[in-house]
Number of protein chains: 2
Amino acid sequence: MEKPYVLGLDMGGTNSVLGVVDARGQVLARTSIKTQQFTDINEYVDALYTEAVKIVDPLGGFDAFRGLGAGVPNGNYYTGNIEFAPNLPWKGVVPFAELMSKKFGIPCKITNDANAAAQGEMIYGAAKGMKDFIMITLGTGVGSGIVIDGKVVYGNDGFAGELGHVCIDRSENARLCGCGGKGHLEAYASATGVARTAKEIISTTTKPTVLRQLDIDSITSYDVFKAAEAGDEVAKEIFDFTGKCLGEAFANFVVFSAPEAIIMFGGLTKAGHWLMDPIVKSLNDNVMRLWKNKVKVLFSELKEADAAVLGASSLAWEA
Amino acid sequence: MEKPYVLGLDMGGTNSVLGVVDARGQVLARTSIKTQQFTDINEYVDALYTEAVKIVDPLGGFDAFRGLGAGVPNGNYYTGNIEFAPNLPWKGVVPFAELMSKKFGIPCKITNDANAAAQGEMIYGAAKGMKDFIMITLGTGVGSGIVIDGKVVYGNDGFAGELGHVCIDRSENARLCGCGGKGHLEAYASATGVARTAKEIISTTTKPTVLRQLDIDSITSYDVFKAAEAGDEVAKEIFDFTGKCLGEAFANFVVFSAPEAIIMFGGLTKAGHWLMDPIVKSLNDNVMRLWKNKVKVLFSELKEADAAVLGASSLAWEA
């Protein structure tokens, strides 16, 4: 019997979105549950199953489904386990893929969210036809999914591709990263990093900016974007700095895997050319001569609402 | 007819060594020519062929050979071309693999020397059985070969794995690299980088050291090693600094590909524990918590005289 569909699960710290996807990458149906509501992982799986039945039954039931792919914080592709996820209610090591495939009766593959995004981009998005690219997710944190020779890189332990945690500043006053490290890219180039840059400039200079009208502790990257659009020089300076950090880091990524493109995804990409222009400049100013003006820098072509589900679902085709 | 042998060519700027290798990785015979002697690539290929016949004929002629693998400066695995090699007598793009397989009558594959070393280490050396590791060559320059999921990474254009050219110092007074870049790892952690560090410390401090007795412009990394062995504190400081640079860089490589091991090869590894100890300390001080004390740092297990030929020859098994 043919199995024309897959399920894609995008598990976030807050919401878990489950979607039905066909072979052309169309999200045919979706549903969701609140992740934090379930302190027991079995209750979570049961609740997800109850919701899944509602969107799966009209399409012929689970027999019409090849499998389920899940993008999960701290999800390990090799073991199928969620391992010590700080933002999920279940502690320690959770055999998530095993629990899911038992309950759903179909194969289940998991990975982390950035790897899922890379997979989705390769099959349905801006990386269609590319065999070598790097996906950078710019959200609350900075994540990455690296594709080499058509395959997502998992490394020796399943956790490869943590490019948010390369060190870009080894000076004394480098920023602390949420992971406990110091000077990591994530502390500068995430949405929260942009807010930190704003706070730093406002509190250590007297430069005029509309951002001073806001509560300094609750400035968001979106506020900075709106200010840049309105011509605010400090807001532009913030994106210039963020883009410079990213471009310098990208130059180091390029000598590693010589990608055809670096593709960015996530909330911060809404900043558009304010972010893109300084990235491209900084990348080409810093990259080894061999690659100058040769590596494409692109924004994701997937709709943000669909991307995570699509990316996760694409794992299921290989399940 | 069975073909039990391969040829391995290690082309250097000075010498080109050609060896006969069997399936167990034994170098059964070897010969060499002077690379710089031939201003015409065809003369070089002819001379190499004449030499090859002498070691190939006793083993049954070229019919007993599966192919030839060559480790070549600026060699492109995809195209088989040597591309703009600064240290070779032939300028521009040279269709080396094509010329060789025509002349020798057997398939020819080429790559650069560091990738050849990685390939050799995986088949015959310290990386036997590993699927994910990074090979770092510490010689006049710093080269690298990256293996992911059992395959050398070539990237979109064939030139992936130039880890000597990651930027490790973005400050004003960062060292210039031979490639034209600034602050690159190669300018600090190569044999010439070690000599530069020695020169810097001697000329900018008054610290007592036996190295002051040498001509400051001709101090070598081997001089520094001998001084460290004799208990010289400045010599130890030089290796501590070199190891710190390498360890910090390795910490960034680990978040990329999560390798099982980083394996070092080349002249500078003769420094042994003087170099290894600060590398391991610096790697584990800097790497993301997830990988602390988990990534092996090893020296190559291939005999230096054989390694390059063995590594190159291993390409021929897949030819």
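Residues numbered from 1 in each chain as written. Chains lettered and ligands numbered in written order. Predicted model: local features only at pLDDT ≥ 70, side-chain atom pairs only at ≥ 80, totals over all residues. Heavy atoms only, no water.

Helices and strands together make up the secondary structure of chain A, namely nine helices and 12 strands. The C-alpha radius of gyration computed for chain A amounts to 20 Å, which stays within 12% of the reference 20 Å derived for 319 residues, consistent with globular compactness. Looking at chain A residue by residue over its 319 residues, the buried ones come to 59%. Put simply, of all contacts in chain A between residues at least 6 apart along the chain, 61% involve residues at least 24 apart. Carbon together with sulfur atoms contributes 51% to the accessible area of chain A, which is approximately 12,900 Å² in total. Separation of charge centres in chain A, based on 30 positive and 37 negative side chains, amounts to 3 Å. (Helix = DSSP H or I, 4+ residues; strand = E, 2+ residues; numbered from the N terminus. Rg over C-alpha atoms; globule rule 2.2 N^0.38 Å. Buried < 20%, exposed > 50% of the residue type's maximum accessible area, 1.4 Å probe, protein only. Contact = heavy atoms within 4.5 Å. Areas by Shrake-Rupley, 256 points an atom, 1.4 Å probe, with all protein chains shown as cover. Lys, Arg positive; Asp, Glu negative; His and termini not counted. Charge placed at Lys NZ, Arg CZ, Asp CG, Glu CD.)

Below, the discussion takes up the side chain of B:Glu162. On the secondary structure map, B:Glu162 appears in the loop between strand E10 (151–152) and helix H4 (186–189). Summary of buried charges: B:Glu162 has no salt-bridge partner, and the nearest side chain of opposite charge, A:Lys294, is 13 Å away. (Salt bridge = Lys/Arg side-chain N within 4 Å of Asp/Glu carboxyl O.)

What follows covers the interface of chain B and chain A. Across the boundary between the two partners, chain B contributes 37 residues, which contact 37 residues of chain A. Of the roughly 3,100 Å² buried at the junction of chain B and chain A (both faces included), carbon and sulfur atoms supply 58%. Across the contact surface, chain B and chain A share four salt bridges. Taking the shortest distance from any N to any O, the salt bridge between B:Arg170 and A:Glu248 comes out at 3.2 Å. Put simply, chain B and chain A have 16 residue pairs in polar contact (both at pLDDT 80 or more) between them. Contributing elements (two or more residues each) for the side of chain B that touches chain A: strand E9 (142–148) and helix H7 (233–257) of chain B. Of all the elements, H7(B) adds the most residues to the side of chain B that touches chain A, at seven residues. Among the residues forming the side of chain B that touches chain A, the class breakdown is 20 nonpolar, eight polar and nine charged. (Buried area = accessible area lost by both parts, 1.4 Å probe. Polar contact = N/O pair within 3.5 Å; in protein donor to acceptor, adjacent residues only side chain to side chain. Nonpolar A, V, L, I, M, F, W, Y, C, P; charged D, E, K, R; others polar.)

Residues and elements named next belong to chain A. All buried positions along helix H2 (residues 96–104) are accounted for by Phe96, Ala97, Met100 and Phe104. The buried side chains of H2 occupy one side of the element, clustering within an arc of 95 degrees when seen end-on. Buried residues along H2 sit against strand E1 (5–11), helix H1 (41–56), strand E4 (65–71), strand E5 (82–83), strand E6 (93–94) and strand E7 (108–111). Immediately beyond the C-terminal end of H2, within one or two residues, lies Gly105, with a positive phi of roughly 70 degrees. (Arc of directions from axis to C-beta.)

Attention now moves to the relation of the copies chain B and chain A. Overlaying chain B with chain A gives an RMSD of 0.1 Å, the required rotation being 180 degrees about an axis along which the chain moves by 0.0 Å. Here the two chains are linked by the operation of a two-fold rotation axis. Most of the interface of chain B is mirrored in chain A, where 100% of its interface residues are also at the interface. (Least-squares fit on C-alpha atoms with pLDDT ≥ 70 in both.)

Here we come to the sheet that holds strand E10 (residues 151–152) of chain A. Residues and elements named next belong to chain A. On the basis of which strands lie adjacent, the open sheet formed by five strands has the order E10-E9-E8-E11-E12 and mixed pairing. The open sheet has two edge strands with one neighbour each: E10 and strand E12 (296–299). Where strand E11 (residues 261–265) lies against E12, four bridges are found, and the strand directions are parallel. When the bridges of E12 are listed, Ala261 appears paired with Lys296. (Pairing = 2+ DSSP bridges.)

Residues and elements named next belong to chain A. With six of its seven residues buried, E4 lies for the most part within the structure. Two elements, E4 and E7, share four bridges in a ladder whose sense is parallel. Its bridge partner being in E7, Leu68 is matched across the sheet by Cys108.

The next thing to look at is the environment of B:Phe104. All names here are of chain B. Within the secondary structure, Phe104 is located in helix H2 (residues 96–104). Sequence separation between Phe104 and Leu48 is 56 residues, and the spatial gap between their C-alpha atoms is 9.5 Å. Setting aside anything within four residues of it in sequence, one finds Phe104 in contact with Leu7, Val45, Leu48, Tyr49, Ala52, Phe62 and Leu68.

Okay, the pattern of salt bridges next. A full pass over the atoms with the stated rule returns 32 salt bridges over all chains. Overlapping salt bridges bring together A:Arg30, A:Lys303 and A:Asp306 as one network.

Take the nonpolar core next. Within the largest apolar cluster, 102 residues are counted, with the highest numbers of intra-cluster contacts made by A:Ile136, A:Phe250, A:Phe253, B:Ile136, B:Phe250 and B:Phe253. Each residue touching B:Phe253, except ones within four places of it in the same chain, is listed here: A:Phe256, B:Ile134, B:Ile136, B:Leu163, B:Val166, B:Leu185, B:Ala258 and B:Pro259. (Core = buried A, V, L, I, M, F, W, Y, C linked by side-chain atoms within 4.5 Å.)

We describe a pair of aromatic rings using the distance from one ring centre to the other and the angle between the two ring planes. Inspection of every chain in the model, using the stated rule, returns 31 aromatic pairs over all chains. Measuring from centroid to centroid gives 6.2 Å for A:Tyr44 and A:Phe96, while their planes differ by 50 degrees, and the two rings are tilted. Taken together, the residues A:Tyr44 in helix H1 and A:Phe96 in helix H2 connect sequence positions 52 residues apart. With a centroid separation of 5.5 Å and 10 degrees between ring planes, the pair formed by B:Tyr49 and B:Phe62 is classed as stacked. One end of the pair, B:Tyr49, is in helix H1 (residues 41–56); the other, B:Phe62, is in the loop between H1 and strand E4 (65–71), with 13 residues separating them in the sequence. Its relative accessible area of 25% is what places B:Tyr49 among the partly exposed residues. Assessed through its relative accessible area of 15%, B:Phe62 is described here as buried. Linked through ring pairs, A:Phe250, A:Phe253, A:Phe256, B:Phe250, B:Phe253 and B:Phe256 together constitute an aromatic cluster. One residue, A:Lys103, lies across the ring of A:Tyr49, its end atom 5.1 Å from the ring centre. (Phe/Tyr/Trp six-rings, centres within 6.5 Å; stacked < 30°, edge-to-face > 60°. Lys NZ or Arg CZ within 6 Å of the ring centre and 35° of its normal.)

Okay, the sheet that holds strand E12 (residues 296–299) of chain B next. Residues and elements named next belong to chain B. Across the sheet, which stays open at both edges, the five strands sit in the order E10-E9-E8-E11-E12 with mixed pairing between neighbours. Whereas interior strands pair on both sides, the edge strands pair on one side only; in this sheet they are E10 and E12. Of the strand pairs in this sheet, strand E8 (residues 133–138) and E9 are connected by six bridges, and their pairing is antiparallel. Looking across to E9, one finds that Phe133 is bridged to Val147.

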